[in-house]
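# Per-entry structural report
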Amino acid sequence: MTRNDQPRSVDRQVQRGARQVVYAPSANEAPKQPFKWRVYLRRAGFLALITSLIWVIFFSGWLNIRSISLQGKHSLTKETVASDIESYLKEFPTQRNVLFLQPSELARYIEDQHPTINKVNINRTLLLGVKVNINETQPALVWQSAGRLWLVGEDGHILRVAQASDTSYGRVVDTAQIEVREGDKVADARFVEFTRSLFSQANEKNITIEYLSIGETTREVLAMVKGGVVIKMAVERGAGEQLEAYLATVADAKKAGRAINEYVDVRVVGKTYYK
């Protein structure tokens, strides 16, 4: 047998180099498998990670709302808004988590609690808080009815009970003496705008109006001028032009030597009546 005829190993092939030995299994030799406990350990670790994340997000309370900031033009206190939010979260407890909070639904809930609010916007903050921006109807006049004084907003809704500091707003007396409460709408925006314009322009023309009186409708008002004279006015017409008609009538009556003791009616365009 020659050197070349010597048998060779079919079980493995060994290549020797200067610094390394590379082993390559034969085709008939199955590759070595890793220990199964390593696979189980990796799976257990992954499962533990997922379980921890679920616990942190859903059950730990770590992501619950932690702060409330209040912005905008309104008369509500932070305590009132916080109470509204707490009531909402009692109905929808999962939304205590800031990730699951529905800002639009919460905003609608707050608006429903306070009819005087025009708009509520709610945004999440990075520090697990919510920012509540409230725009409320601004005060426009004082409404007197059934022995009580109320502060009324620009849209005609009652904002709250009038206070001593609200005397700068014009006063409207409802002679029908209808019982009202906070949030009720007692007039439309057109009437409110007419009233504000009337008091403002009367002040510019040196006419002192003590208050306005209405009956069964807000389409007509009686302006009680200091001194006892009443101006009968129509809300559909501009307040300024009716005041000008009143002043012109008073001047004409004075020139004619006639006294005005009760009223001046300026509701009809181009005509005035007085008594």
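Residues numbered from 1 in each chain as written. Predicted model: local features only at pLDDT ≥ 70, side-chain atom pairs only at ≥ 80, totals over all residues. Heavy atoms only, no water.

On the surface, F46, L49, I50, L53 and I54 cluster together into a nonpolar patch covering about 470 Å² of accessible area. Assignment of secondary structure puts F46 in helix α1 (residues 36-59). (Patch = residues over 30% accessible without salt bridge, like charges linked within 9 Å, V, L, I, M, F, W, Y side chains within 5 Å. Areas by Shrake-Rupley, 256 points an atom, 1.4 Å probe, with all protein chains shown as cover. Salt bridge = Lys/Arg side-chain N within 4 Å of Asp/Glu carboxyl O. Helix = DSSP H or I, 4+ residues; strand = E, 2+ residues; numbered from the N terminus.)

With that settled, the discussion passes to unusual backbone geometry. A positive phi angle, close to 55 degrees, is found at Q177, a residue other than glycine. Tracing the backbone shows Q177 in the loop between β9 (171-174) and α4 (189-204). One non-glycine residue with positive phi stands out, namely N206, at about 60 degrees. Residue position: N206 is located in the loop between α4 and β10 (209-214).

Here we come to the side chain of D174. Summarising the element assignment, D174 is placed in strand β9. Despite its burial, D174 pairs with no opposite charge; the closest candidate is R171, at 12 Å N-O. The contacts of D174, once residues within four sequence positions are left out, are W143, Q144, S145, I214 and G215. (Buried < 20%, exposed > 50% of the residue type's maximum accessible area, 1.4 Å probe, protein only. Lys, Arg positive; Asp, Glu negative; His and termini not counted. Contact = heavy atoms within 4.5 Å.)

Attention now moves to the confidence of the model for the protein chain. Detailed reading of predicted coordinates is not advised where the pLDDT is low. The pLDDT averaged across the protein chain works out to 85; a share of 85% of its residues lies at or above 70. Within the model, pLDDT remains below 50 along residues 8-18, and this stretch shows 12 contacts once partners closer than five positions in the same chain are excluded. (pLDDT = per-residue confidence, 0-100.)

Now for the pattern of salt bridges. Throughout the structure, instances matching the rule amount to 10 salt bridges. For D166, the salt bridge goes to R160, with nearest N and O atoms at 3.0 Å. A salt bridge links R219 to E236, with the shortest nitrogen-to-oxygen separation between them at 3.0 Å. Here R219 is found in the loop between β10 and β11 (220-225), whereas its partner E236 is found in the loop between β12 (230-234) and α5 (239-255), with 17 residues between them in sequence. Within the structure, one salt-bridge network assembled from shared partners comprises E220, D265 and R267.

The strand order β8-β7-β6-β9-β10-β11-β12-β13-β14 describes an open sheet built from nine strands, whose pairing is mixed. At either end of the open sheet lies a strand with only one pairing partner, and these are β8 (158-161) and β14 (273-274). Alignment of strand β6 (residues 139-145) against β9, held across three bridges, turns out to be parallel. Paired with V142 across the strands is R171, a residue of β9. Contacts from α4 reach β6, β7 (148-153), β9, β10, β11 and β12 within the one sheet, and its direction differs from that of β10 by about 155 degrees. In the packing of α5 onto the sheet, contacts are made with β11, β12, β13 (263-265) and β14, and the angle to β12 comes to roughly 140 degrees. (Pairing = 2+ DSSP bridges. Axes fitted to C-alpha atoms, helices over the stretch in contact; angles between N-to-C directions.)

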